[in-house]
Amino acid sequence: MFLYLHFQYFPVVPIMNLLVRDAIIVTQDDNRSIVEGNLFVEDGIITHVGKSTDTSDFVVEAKGGVVVPGLINTHTHVAMTGFRGLLDDLNLEPFLEKTFKLDSGRTDEDIRQASLMSLREMISGGTTSFADLYYSENVIAEACRDIGIRGFLAWVTLDKEITTQEGDPVSNAEHFVKSWRGKESLVTPMVGMQGVYACSEDTVLSAKEVASRLETGLHMHLCETRHEVYGHVGKTGKRPVEWLDHIGLLDGSVPLLAAHGAWLTKSEMRTLKNADVRVSSCARSNMKIGSGIPPVKELIDEGVTVSLGTDSATTSNNLDMLEEIRTASLLQKVSKWDASVLPAATALDMATRNAAASLGAAGEIGSIEKGKKADFVVLDSSSLRMAPLTRQNAVNQIVYSAQASDVTHTIINGKPVYADRKFTHY
Ligand SMILES: [Zn+2]
């Protein structure tokens, strides 16, 4: 039995256009342009970045504050926020054992309420899109639609013998993707896999077949802990990436987003690069579970697209992407004894444009440019912790100083879902 905060929420109704006035706009376009001026949105699409005197249905006075593309969390489990504070100080194996036990007694309403808590937490901290890996993604999809956040939702598959899902997880995933594809612009249904420790060759290839046939992507945990890697070597004689390559998952035919990648050899990194596998690195989760330091610098050097994920609120213990960006950068610096590693601009790329590319959505989100979907965040110009704030230092202030409480507005699909630090019913 869990106690939830019961939020009142409203269906999001469209407004025609929206203007942000007098902002430092960190566009994250190909040139990383930073523009001082206004931002205009019509029917959910960015139509103008720069000087403009237009007026609008809805005006945000930024007063010199920073506007940044909406942050994209590429690995989480929003329904697990219901377990926040119940699974701390555990290594991954006892953590998963306890999680599966808690999972088995959940109702759809438990999942809905926990997910709504997470979605609100993310929106209030500047996150506009997220990738989720769990079961009952249909319930989470409805929550995304109702609250107005963009979800890339992967229904997790694992071997039938060990699942707590009713029925066959692969069939459940297939049914979910078929029911939600093309149905709601905020929801992209995908196929998930728990990881090599819970997915046999048959499960992996069946999940791949469904994703391939339904033309969607795969999302899975991969090489999170030393235990996972050496357990798999003991079972199959191969490390997880070598094994996945051997059985035919990594032929590049289906887009794969792999979470963690904390235990990888150089050779495995090259295999991931060649198969265009994208990695979602989860620094705070890896630190809290004691998994190890993810080789983010090496992955980037190898040419792999790396983005950032908070993982669930049971491991990181919040869904705060600004904190995740900062920690990802600091962890790389201290592990290499080199302050120049993972600089602010790279860290911000990982949470915006790289993340969009990781989800196959680079043409739509991840930067503030004419023609793209209007997903962006306004940070408070009067934030004491970001002062002094100028066009020149804006990226560094976002990465190293800003906190979730500095977010004043979160715009998703052109709608001010969060305005003046309050949830709206637009
Ligand atoms: Zn995870």
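Visitor: I would appreciate a short explanation of the side chain of Gln332 in the present structure.
Guide: Tracing the chain through its elements places Gln332 in helix H11 (residues 321–336). Setting aside residues up to four positions removed in sequence, Gln332 forms contacts with Ile293, Pro294, Val296, Lys297, Val341 and Leu342.

Visitor: Can you help me understand the domain arrangement of the protein in this one?
Guide: You'll often see interface size given as the accessible area lost when the parts meet. According to the domain assignment, the protein consists of domain 1 (17–70 + 366–423) and domain 2 (71–358). Averaged C-alpha coordinates put domain 1 and domain 2 at centres separated by 28 Å. Taken together, the contact pairs 30 residues of domain 1 with 34 residues of domain 2. The contact between domain 1 and domain 2 buries some 2,400 Å² in all, and 59% of this surface belongs to carbon and sulfur atoms. Three residues stand out in domain 1 for area buried against domain 2, namely Val399, Tyr400 and Phe423, and they jointly supply 24% of the buried area on that side. The residue Arg353 makes a salt bridge to Asp30 at a minimum N-O spacing of 3.1 Å. Between domain 1 and domain 2 we count 16 residue pairs in polar contact (both at pLDDT 80 or more) in total. Among the elements that take part in the side of domain 1 that touches domain 2, helix H14 (residues 394–400) stands out by supplying five residues, more than any other.

Visitor: Explain empty space enclosed by the protein to me, please; I cannot follow it from the model alone.
Guide: One way to see where empty space is left: roll a probe the size of a water molecule over the atoms. As enumerated under the stated definition, the model contains three cavities of 30 Å³ or more in all. In this structure, the largest cavity encloses a volume near 280 Å³. Forming the boundary of the largest cavity are 23 residues, of which Met80, Leu96, Thr99, Phe100 and Gln194 lie nearest the centre. Contributing elements (two or more residues each) for the lining of the largest cavity: helix H1 (92–103) and strand E7 (127–134). Looking at side-chain class alone, the lining of the largest cavity contains eleven nonpolar, nine polar and three charged residues.

Visitor: When you look at the sheet that holds strand E12 (residues 278–281) in this model, what are you seeing that I'm missing?
Guide: For sheets, the rule is that strands pair by backbone hydrogen bonds, running either parallel or antiparallel. Pairing is parallel in the open sheet, where eight strands are placed in the order E6-E7-E8-E9-E10-E11-E12-E13. The open sheet is flanked by strand E6 (71–76) and strand E13 (306–308), the only strands paired with a single partner. Taken over all neighbouring pairs, the strand axes of this sheet differ in orientation by 25 degrees on average, direction set aside. Both strand E8 (residues 150–157) and strand E9 (residues 187–193) contribute to a ladder of seven bridges, which runs parallel. Residue pairing for E9: Gly151 is matched across the bridge by Val187. Across the sheet, helix H3 (residues 137–147) lies against E7, E8 and E9, angled at about 175 degrees from E8, the strand it touches most.

Visitor: What should I look at first to understand the layout of surface pockets in this one?
Guide: Considered as a void within the structure, the largest pocket measures approximately 370 Å³ in volume. Taken together, 19 residues make up the lining of the largest pocket; nearest its centre are Asp108, Tyr135, Ser136, Trp155 and Glu166. Elements represented by at least two residues in the lining of the largest pocket include exactly helix H2 (108–124), H3 and helix H4 (169–180). Here the lining of the largest pocket gets five residues from one element, more than from any other, and that element is H4.

The rules we used
- Residues numbered from 1 in each chain as written.
- Predicted model: local features only at pLDDT ≥ 70, side-chain atom pairs only at ≥ 80, totals over all residues.
- Heavy atoms only, no water.
- Helix = DSSP H or I, 4+ residues; strand = E, 2+ residues; numbered from the N terminus.
- Contact = heavy atoms within 4.5 Å.
- Domains from an automatic or database assignment.
- Buried area = accessible area lost by both parts, 1.4 Å probe.
- Salt bridge = Lys/Arg side-chain N within 4 Å of Asp/Glu carboxyl O.
- Polar contact = N/O pair within 3.5 Å; in protein donor to acceptor, adjacent residues only side chain to side chain.
- 1 Å grid on protein atoms, 1.4 Å probe; cavity = no way out; pocket = protein on both sides within 12 Å on 5 of 7 lines; lining within 4 Å.
- Points joined across faces, edges and corners; volume = space filled by probe spheres on them.
- Nonpolar A, V, L, I, M, F, W, Y, C, P; charged D, E, K, R; others polar.
- Pairing = 2+ DSSP bridges.
- Axes fitted to C-alpha atoms, helices over the stretch in contact; angles between N-to-C directions.

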